[in-house]
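Listed below, chain by chain, are the residues.
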Amino acid sequence: MESLVVDHPLVAHKLTTLRDVRTDSPTFRRLADELVTLLAYEATRDVRITDVTVQTPLAPAHGIRLSRPAPLVVPILRAGLGMLDGMMRLLPTAEVGFLGMIRDESTLEAQTYATRLPEDLSGRQCYVLDPMLATGGTLGAAIQFLFDRGAEDVTALCLLAAPEGVAYLDKMFQGSGKPIRVVTAGMDERLNENGYIVPGLGDAGDRLYGVV
Ligand SMILES: O=P(O)(O)OC[C@H]1O[C@H](OP(=O)(O)OP(=O)(O)O)[C@H](O)[C@@H]1O
Ligand SMILES: O=c1cc[nH]c(=O)[nH]1
Ligand SMILES: [Mg+2]
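In this text the structure is predicted, and so the values were computed from the model without any measurement. (Residues numbered from 1 in each chain as written. Chains lettered and ligands numbered in written order. Predicted model: local features only at pLDDT ≥ 70, side-chain atom pairs only at ≥ 80, totals over all residues. Heavy atoms only, no water.)

## Notes on the packing of aromatic side chains
Definition in use: Ring pairs are drawn from Phe, Tyr and Trp, using the six-membered ring of Trp, whenever the two centres fall within 6.5 Å, and their geometry is named by plane angle: stacked under 30 degrees, edge-to-face over 60, tilted for the rest. A helix here means a DSSP run of H or I that spans at least four residues, while a strand means a run of E at least two residues long, and both kinds are numbered starting from the N terminus. In our convention, an over-ring charge means Lys NZ or Arg CZ found within 6 Å of a ring centre and within 35 degrees of that ring's normal.
On inspection of all chains with the given rule, the structure shows one aromatic pair. Relative to Phe173, the ring of Phe147 lies with its centre 5.9 Å away and its plane at 85°, an arrangement referred to as edge-to-face. One end of the pair, Phe147, is in helix α4 (residues 137–148); the other, Phe173, is in the loop between α5 (163–172) and β12 (180–184), and 26 residues separate them in sequence. Geometry around Tyr196 places Arg103 over its ring, the cationic atom sitting 5.3 Å from the centre.

Below you can see the structure in the form of structure tokens.
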């Protein structure tokens, strides 16, 4: 598995404000949206392309177009929804599938409560959106779900990741033979005893949409 921390002053600047406990929900939503667009620029570096020739007003020009079938973008509800618009801004022709998952805060086990995705993902490139890669249980289950439906490769976009989560995914998909990438704005120090990323930004879903 490949993991990439996007190293750019604009990313670091926005992430710092996102972490700040004084940042309110409207600002948090706007920053998450802007950040994912910056991450998407890196995360789509390997998007599949096809050579084409177009006619300019002067002459033929060689170029590329995104290949078909279109990539599938999969936000993990609830917090991943806060990343969808920012991703679709760069990949407007992508299709969108949904996975609803929640982590049981006492066992830290991920449970899936909703799925709305094509049955057959054979040959599809998938981009999973989830702001927090903590223990890795949620993202691991999501990636496995996509592979079970035939997905070819998976790139996950996360606002923050913990080393424990990256190690978990590494081990889980070792020898799977399928390409997996994690692209994140920051790799934090560790998880605390409650499975929260430290220093992190708190509960991403609550900060986006309110405490439930
Ligand atoms: O790596 P893990 O240890 O599995 O934790 C990360 C998951 O926890 C959060 O979701 P949460 O369960 O809070 O659901 P929500 O998005 O509805 O708030 C977060 O958005 C990730 O999906
Ligand atoms: O730090 C964390 C860990 C899991 N889920 C979150 O929203 N934040
Ligand atoms: Mg949450």
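Back to the write-up after that little detour.
## Section: the pairing of strand β7 (residues 110–116)
So the rule is basically this: By definition, two strands form a pair when at least two bridges between them are found by DSSP.
Pairing of strand β6 (residues 98–103) with β7, which is carried by six bridges, proceeds in the antiparallel orientation. The partner of Gly100 across the bridge, within β7, is Ala114. Here β6 folds back onto β7, and the loop between the two strands holds six residues, one of which, Leu108, carries a positive phi near 65°.

## Side note on the packing of α4 against α5
For clarity, the threshold we go by: Interaxial angles span 0 to 180 degrees and are taken between N-to-C directions of axes, which are lines fitted to C-alpha atoms, for helices over the stretch in contact. Orientation categories follow fixed angle ranges, with anything under 35 degrees roughly parallel, anything over 145 roughly antiparallel, 65 to 115 roughly perpendicular, and all other angles oblique. Here a crossing is taken to be left-handed if its near helix is turned anticlockwise relative to the far helix by less than a right angle, and right-handed if that turn runs clockwise. Residue contacts are counted whenever heavy atoms from the two residues lie within 4.5 Å of one another. The residue classification treats Ala, Val, Leu, Ile, Met, Phe, Trp, Tyr, Cys and Pro as nonpolar and Asp, Glu, Lys and Arg as charged. All others, Gly included, are polar.
In contact at an axis separation of 9 Å, α4 and α5 are set at 30° when each is read in the N-to-C sense. Here α5 runs roughly parallel to α4, going by the angle between their axes. Crossing handedness for the pair α4 and α5: right-handed. Across the interface between the two elements, Gly137, Leu139, Gly140, Ala141 and Gln144 of α4 pack against Tyr168, Leu169 and Met172 of α5. Residues that form the contact of α4 with α5 fall into these classes: five nonpolar, three polar and no charged.

## Some words on the state of the cysteines
Short version of the rule: We call a pair of cysteine sulfur atoms a disulfide whenever their separation is within 2.5 Å.
Counted by the stated rule, this structure contains zero disulfides. In this model Cys126 remains outside any disulfide bridge; the closest cysteine sulfur is found in Cys158, 15 Å from its own.

## A few points about the site of ligand 2
Formally: Being near a molecule or strand, for a residue, means having at least one of its heavy atoms within 4 Å of it. Any pair of N or O atoms that falls within 3.5 Å is considered a polar contact. Within protein, one atom must be able to donate a hydrogen and the other to accept it, and sequence-neighbouring residues count only if both atoms are side-chain atoms. Each accessible area value is a Shrake-Rupley result obtained with a 1.4 Å probe; residue values ignore everything except the protein chains displayed when judging cover. Only protein atoms enter the 1 Å grid used here, on which a cavity is any set of points holding a 1.4 Å probe that cannot leave and a pocket is any open set flanked by protein within 12 Å on both sides along at least five of seven lines; residues with an atom within 4 Å of a point are listed as lining. In this scheme, a molecule is assigned to a cavity or pocket if more than half of its atoms are within 2 Å of the grid points.
Residues in close proximity to ligand 2 include Arg103, Met132, Ala134, Gly195, Tyr196, Ile197, Gly202, Asp203 and Ala204, which together make up its full environment. Residue Gly202 places a main-chain N or O atom 2.8 Å away from a nitrogen atom belonging to ligand 2. Measuring from an oxygen atom of ligand 2, one finds a backbone N or O atom of Ala204 at 2.8 Å. Here ligand 2 loses 88% of its free accessible area of 240 Å² to cover by the protein chains. More than half of the atoms of ligand 2 fall within 2 Å of the grid points belonging to the largest pocket. Classifying every residue of the shell around ligand 2 gives five nonpolar, two polar and two charged.

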